[in-house]
Each structure stands twice: as structure tokens, then as C-alpha cells.
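Chains, contacts and geometry: an overview
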Amino acid sequence: MTTQILHTTCNRDCPDACGIRAVVEGGKVTQLTGQKEHPVTKGFLCYRTSHFPELADSAQRLRQPLVRKDGVLQPTSWDEALALIAQRLLQIRAESGPAAIFHYRSGGSLGILKHLTDLFFDQFGPCTAKVGDICSGAGEAAQQADLGVSDSNDLFDLLHSKHIVLWGKNPAVSNTHLVPVLRDAKQAGAQVVLIDPIHHKSAGLADERLALAPGRDLELALGVARCLFDDGKVAADAAAACDGVAAFQQLAAARSVAEWATLADVPEAAVRALAARFADGPTAILVGWGMQRRQRGGAIVRALDALCALSGNLFRSGGGVSFYFRRRKAFQPFGPKVTPPRVVREPLLGHDLLAARDPQIRCLWVTAGNPVAMLPDATTVARAIEQTEFVVVADCLLTDTARRAHVVLPVPTLLEDSDLLGAYGHHWLAESRPVVPMPPEVRHEVTIFQDLAKRVGLASFPQDPIDQLKRHALAFVAGQGAGLESLRKHGAVRSPVADELLFPHGRVLTATGRVQLLDRAPPPPDLPAPPARAGASAPLWLFSNSTEKSQASQWAGKGLGERLWVAVHPDAVPGIADGARVRIESVAGSLAAEVRHDPAQRRDVAIVPKGGHFDRGQSANAIIPAVATDLGLGAAYLDCLVRIVPE
Ligand SMILES: Nc1nc2c(c(=O)[nH]1)N[C@H]1C(S)=C(S)[C@@H](COP(=O)(O)OP(=O)(O)OC[C@H]3O[C@@H](n4cnc5c(=O)[nH]c(N)nc54)[C@H](O)[C@@H]3O)O[C@H]1N2
Ligand SMILES: Nc1nc2c(c(=O)[nH]1)N[C@H]1C(S)=C(S)[C@@H](COP(=O)(O)OP(=O)(O)OC[C@H]3O[C@@H](n4cnc5c(=O)[nH]c(N)nc54)[C@H](O)[C@@H]3O)O[C@H]1N2
Ligand code: SF4
Ligand SMILES: [Mo]
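Just so we're clear, the structure is a prediction, and the values are computed from it rather than from any experiment.

**So, the site of ligand 1**
Near ligand 1, the surroundings consist of 35 residues, among which Ser174, Asp196, Arg293, Ser546 and Ser550 are the closest. A distance of 2.9 Å is found between a nitrogen atom of ligand 1 and a backbone nitrogen or oxygen belonging to Thr547. One of the backbone N or O atoms of Ser550 is found 2.7 Å from a nitrogen atom in ligand 1. Among the secondary structure elements, those contributing two or more residues to the shell around ligand 1 are helix H6 (171-174), strand S22 (540-545) and strand S23 (550-551).

Listed below in C-alpha cells is the structure:
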């Protein structure tokens, strides 16, 4: 049996975009590790991708196209599947116009060629498109408003930091390749502070931990700002670099430091100590995704931007307020931006699908996403999809969403794909290439759309081979050492269009060149709690955080198991034993689960894993109401109160 060592790049929705080293024996992947040469991957992969072959070989893997006949999904040929899709797309467009067709693409693969899906529907319509971003919408919109861009200093600039604040972030689980950088920074003398209501694996990295009250980051940030103003620690150049200093100072002055500390539920001394760290920089804020998935998520991230700028940490090496790395910046788009005839708001997808009129949404195309499990108010999302006349799902796995489709199209997995990747956790670019061939009845998404374009008469859709499409995408950077041949020769290449420092000249990218400081501080939302009843816990904040074993709804190995679990402090559920069966109730519904006592947690939180399957009754989203964030149409997944009730 021949053994080959082959390399590719992970395309999952993860900040790291790892270089993968695959050992392939007799045409099968027998081991996956990280590339040692990749400056960020450093030779290791996360649990979920190391164990990916088990999932790719499981019964969940889609290996041939399926078409619904007599109510049941049945294997069919590509010709039959694509002929049916072409006929229905043409018919629905002719009868109801392209607004009756809605294309939903999520982040199942971050490959840049996946954007050709958007191009197809832009050219065929333009069709109804999604707006908003349930993942990072609020944070990106906040940074866009404040800084004119959401991007970051070089990842390794953290080695110059004196303090690194992990603000609502759990890198040990969801951004694992940040961990060695944090360790190196600590070796070089940096202190790490973790600000998170939840006690999790990254606590082991922290020199100090603030377990503040859920959603009270705005109050904490204003308390820190108040200290900086009171103690004369606002940077000398802040007035010149920022617009709105006086108004922001007024927000901070609305309460005393002690009052802000009480509202955030942390000791006053901790607020003062945090302010001292900002004054004694360079201090970097690494903004996590969790707390911007709240109704005030935009305002919270804006407050962190303001803290960074006012404390003089925005323009210096070792500083910065990093939420995102602009992963698509280096790539040339495949077509112009078009204005869709109508939009569906991603955080309110179920509602908007059902409410759409003149025309109704008659066709839904889902690619690289499992909205039935992953969008809030999942029960309404499922119902809306079930009621849609014609649903096509392109995926590698038979998901909750695929089970509701009329046509299911099997596409390559991350080990079979061919594409280009940027990363949202560092500035390296790389290529993905198959380490194993895809099964015979699986097709690359680009070729699916090329075939479909011919069937529906779209002459303008590019029919070039995949390598040529990659060259098109790399046209901006090919002359600067990041062409396709360079990527192939060197593996990952640092993006030539990303500087070491995001703002090296003391100016940001807003219209005035100055930071726009937060000018309003909305109070915390008044959230509805389910009614009390005998034996039920007090209202608890429901967290649905990333777990090591899954990538959203894609579970490695045995998956979540039979029963959903919910972790709580024992005092939060008086009379309910560890291991007891319970129901988790919100105003939107309830789920069966098994209690896990965790004395390290606050007494007002309940934690379930992100990504449970809807049809197995394990998706937190079945009980999470659909509410948009204040900015960027994100989803306020975490503003959800539940009670734990014995079963
Ligand atoms: N293993 C694994 N890794 C993943 C993913 C996965 O599903 N599994 N998903 C990927 C994706 S899609 C994304 S977008 C990223 C991000 O994935 P996320 O899981 O969203 O991000 P994290 O930053 O790890 O986790 C959010 C953190 O925010 C904290 N948090 C929640 N509310 C608050 C609050 O009010 N205040 C503060 N200070 N903290 C709060 C949570 O307790 C949690 O620790 O990770 C990617 N990485
Ligand atoms: N309660 C709660 N809900 C959440 C979150 C949370 O923290 N809590 N996090 C939110 C976040 S941050 C995100 S990003 C979303 C994630 O939500 P989704 O993007 O829906 O995530 P997945 O469940 O990973 O679905 C991605 C699908 O893409 C498929 N796929 C992989 N590669 C390809 C490919 O090349 N082509 C195609 N067509 N398909 C492919 C996978 O098999 C998988 O079924 O979930 C959100 N939902
Ligand atoms: S999911 Fe993230 S950490 Fe895991 S291999 Fe892929 S890029 Fe690396
Ligand atoms: Mo995400």
C-alpha cells in the first residue's frame, strides 16, 4: 500500500485557516496533523478537524444527489437533479420574477470560489439576498462606524504587548492557534486578562479573570473609561485622534466607578486595575464574538474601540482592538456588487421567509449552512423552509436543513475541496487542494453552477477551469508574490496587502480620519423570562458556546450523544442533582437535557453546547427567540433567559 503525504488548507468557519498535513494510505486519510512550516498552524490541528475523517466516513456523509419523490428523499442522477432545478428556476422566475428566489449562503466553507454561488444568483436575477450577519454583524458594523474598517494588526504583533485582554473570547476552544501566540507573549512578559461570565478552558491562560454579569460589558467599559478620565490617564493625542471625546466622557461620568462596578457585578478594585492596565500599555484588546451576539452588541464593541483609542493603544505596536482579520481583502471579486430586489434579514430568516409577499419566496437555495439548526427561532426557520415550494440544499452532510429539501446536492468535504483561503484570525493566504478524490457522484460547487448556467442560458457565467478562477481571484496580489504558483511553492503566503500595523499613521479610515467614539449608552434590555413554577430555577442566562468537538452543527466522532447537557452551578438548581433529567424552558419553548453541575460557574448562567441537531431535540436555537442586534443585523442569541425544571 502506498503512503502519501499531502497538504491542503482547512476551509472551515474558523479564524485559523490551518495548513493541513494528511497521511493518505491506499486512497484513505489515516492521519491529519497541522503543517509544521505554517507560521500559525505550527504543526497541530484542533480536535474537530483531526477527527474529521470519522465524520466524512459516517452515514451522515452525502455521496449522491437526492430528489424528493413521494415525500421521501431518494437517490437520483446529476442529470435528473440539475434538469429539475433548471426547470423550476426558470419557471419560478418567469411566473413570479427573480425576487421569488432566495439564495442563502453561510460559512460552511470559507473558500473564495464559493462566492461564485452569489454570482450565479446575481446574474440569474438578481434574486432575493440575505442581509446582516448572525456571526459577526454587530461587531463589524461597530468597528466600521468607529474605525472605518474591521481589521487587525499582524497576529504576531501581540508579542509586543504588555497586557492582552481577552474580552469575551475563548481561544483554547474556538481559536486554538492563538494559544501558542498568547503563550509566547506571556513568555515575553505580557499579562493576559480574561473577561467572560463563563469559566472555560481559556481561564488556564489568564493571569486575571473577571467573571462579570452577562451582557454588562458596556457598564464595565464605561467604568474603566471613568477611571481613565478621573485619573488623567487619557492619552495626550486622544482629542486629536477621536471625534466625540466630550460626549463619551459624559457617558462615563453618568455613574461613579463603584456604581459601574456594581452594575457589571465585579469588584470596584478590578475595574480600577483594568484601567491601570490600559494606562500602562501597550495593551491589546482581543474582542470575542460572544458578547456582540446581544441586543446591545454593537454598542459594547463600540465602547471597547473607544477604550482602546482613548487609552492611546490604537496606533501603537502591541495595542489594537482586534475583532476580525479582513480575510477577503486580497482577493479580486468575481462580479460587481448588485442591488437585490429584496432582502431577507439573516437573524429573522424564519419570520422574513414566511412574511414575504408579492412575490412569496417560492425557491430557497441553501449552500454551506444549516439554518434549521443554527439560526435563532429555529422552529420558525424549520417551518418556513418546510412551507417553501422548492428547496435545494448543497452540503457534504445530511443536515437538519437538507432533510427538508426537495433536492440535495453532494459537494466535496474540506479534504476533497479545491479553493483559496484567507483567514479571519491572521493574515496568511493559502490554497486548498484535494488530499483524497471526492466520491464519484460528488461534484465541486463551481462545476455544479457551470452546468446549471448552461441549462438556464446564462452565457455570462464563467466557464473557466478552477485553476483559472483561482488566478482571477489572485490577480490583485499575484504581482506581489502571492500568485497561485507562489502559494503552491511556499504553502501559506503572508498577504501582501496587510501591513504589520493596521493604522501606522495615527489615522483611521473613517471620513474624518478620526475615531468616532460611542455617543450613547443604551440600558440593558429587559428580557422576558418564562413563568415560575414549582421546582423551577430562577431565570438563568442561556449560553450556547462553542465546544471542542463540533464546528457549529458538525460534530466530530460520536457527536453530542443521546442527550443534550446543560452546565449550571449546583446552587442555581436547588434540589436538582448532577445528572438529573430536566427541561430547559424559555419563553419560546423547551428542550430536554441532562444537568451537569459545575461549581466554577456563576449562579445566574446555564450553558449548553452550540450546534446541537434540531431533529434530535438538541438545538439551543429551538428555544432562542429571533431578535436582531442594535447594529449590523446580528443575532442576539445570548439575550435569552431560561429556567431549569425537573422532568
Ligand atoms: N471548536 C469550535 N471552534 C469554533 C467554532 C465552533 O463551532 N467550534 N465556531 C467558529 C465560529 S463560526 C466563530 S464565529 C468563532 C467564534 O465562536 P464563538 O464560540 O462565538 O466565540 P468564542 O469567542 O469562543 O465564544 C464566545 C465567548 O463569549 C462569551 N460571552 C458571552 N456573552 C458574553 C458577555 O456578555 N460578555 C463577555 N465578556 N463574554 C461573553 C462566552 O462565554 C464565550 O466564552 O469561532 C469559530 N471556532
Ligand atoms: N445558539 C447559537 N447559535 C449559533 C451560534 C451560537 O454561538 N449559538 N453561532 C452562530 C455562528 S457564529 C455561526 S457562524 C453560525 C454557523 O452556522 P452554519 O454556517 O449553518 O454552520 P454549520 O452547522 O457548520 O453548517 C455549515 C454546513 O456547511 C457544510 N459545508 C462544508 N463545506 C461545504 C462546502 O464546501 N460547500 C457546501 N455547500 N457546504 C459545505 C457543512 O457540512 C455544514 O452542514 O451559527 C450561528 N448559530
Ligand atoms: S477548524 Fe480551525 S483550528 Fe481546526 S483545523 Fe480548521 S482552521 Fe485549524
Ligand atoms: Mo461564526
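**Side note on helix H3 (residues 78-96)**
The end-to-end C-alpha distance of H3 is 26 Å, a good match for the 27 Å that 19 residues give at a rise of 1.5 Å each. Among the residues of H3, Trp78, Ala81, Leu82, Ile85, Ala86, Arg88, Leu89 and Ile92 are the ones counted as buried. Directly beyond the C-terminal end of H3, a positive phi value near 85° is found at Gly97.

**Some points on the environment of Pro462**
Looking at where Pro462 falls in the secondary structure, it is placed in the loop between helix H17 (445-455) and helix H18 (466-473). A relative accessible area of 18% places Pro462 in the buried class. Taking the C-alpha atoms as reference points, Pro462 and Val446, 16 residues apart in sequence, are found 9.5 Å from one another. For Pro462, the residues in contact, after removing those within four places along its chain, are Leu116, Leu119, Gln450 and Leu469.

**Some remarks on the packing of aromatic side chains**
For any two aromatic rings, the description comes down to two numbers: the centre-to-centre distance and the angle of the planes. The tally for this structure, following the rule as stated, stands at 14 aromatic pairs. Summarising the aromatic geometry, the rings of Phe121 and Trp365 are spaced 5.5 Å apart at their centres and angled 65° between planes, so their arrangement reads as edge-to-face. Residue Phe121 is found in helix H4 (residues 115-124), and its partner Trp365 is found in strand S15 (residues 363-367); the two are separated by 244 residues along the sequence. For the pair shown, Phe121 and Trp365 are each scored as buried.

**Considerations on the packing of helix H8 (residues 217-230) against helix H13 (residues 297-310)**
Axis separation between H8 and H13 bottoms out at 9 Å; the angle between their running directions is 20°. Looking at the two axes, H8 sits roughly parallel to H13. Crossing handedness for the pair H8 and H13: left-handed. Within the contact between the two elements, H8 uses Asp217, Leu218, Ala221, Val224, Ala225, Leu228 and Phe229 and H13 uses Ala299, Ile300, Ala303, Leu304, Leu307 and Leu310. Along the lines of polarity and charge, the residues of the contact of H8 with H13 split into 12 nonpolar, no polar and 1 charged.

Calculation criteria
Residues numbered from 1 in each chain as written. Chains lettered and ligands numbered in written order. Predicted model: local features only at pLDDT ≥ 70, side-chain atom pairs only at ≥ 80, totals over all residues. Heavy atoms only, no water. Near = heavy atom within 4 Å. Polar contact = N/O pair within 3.5 Å; in protein donor to acceptor, adjacent residues only side chain to side chain. Helix = DSSP H or I, 4+ residues; strand = E, 2+ residues; numbered from the N terminus. Expected span 1.5 Å × (residues − 1). Buried < 20%, exposed > 50% of the residue type's maximum accessible area, 1.4 Å probe, protein only. Contact = heavy atoms within 4.5 Å. Phe/Tyr/Trp six-rings, centres within 6.5 Å; stacked < 30°, edge-to-face > 60°. Axes fitted to C-alpha atoms, helices over the stretch in contact; angles between N-to-C directions. Parallel < 35°, antiparallel > 145°, perpendicular 65-115°, else oblique. Left-handed = near helix turned anticlockwise from the far one by under 90°. Nonpolar A, V, L, I, M, F, W, Y, C, P; charged D, E, K, R; others polar.

By themselves, these observations are geometric and do not establish any function.
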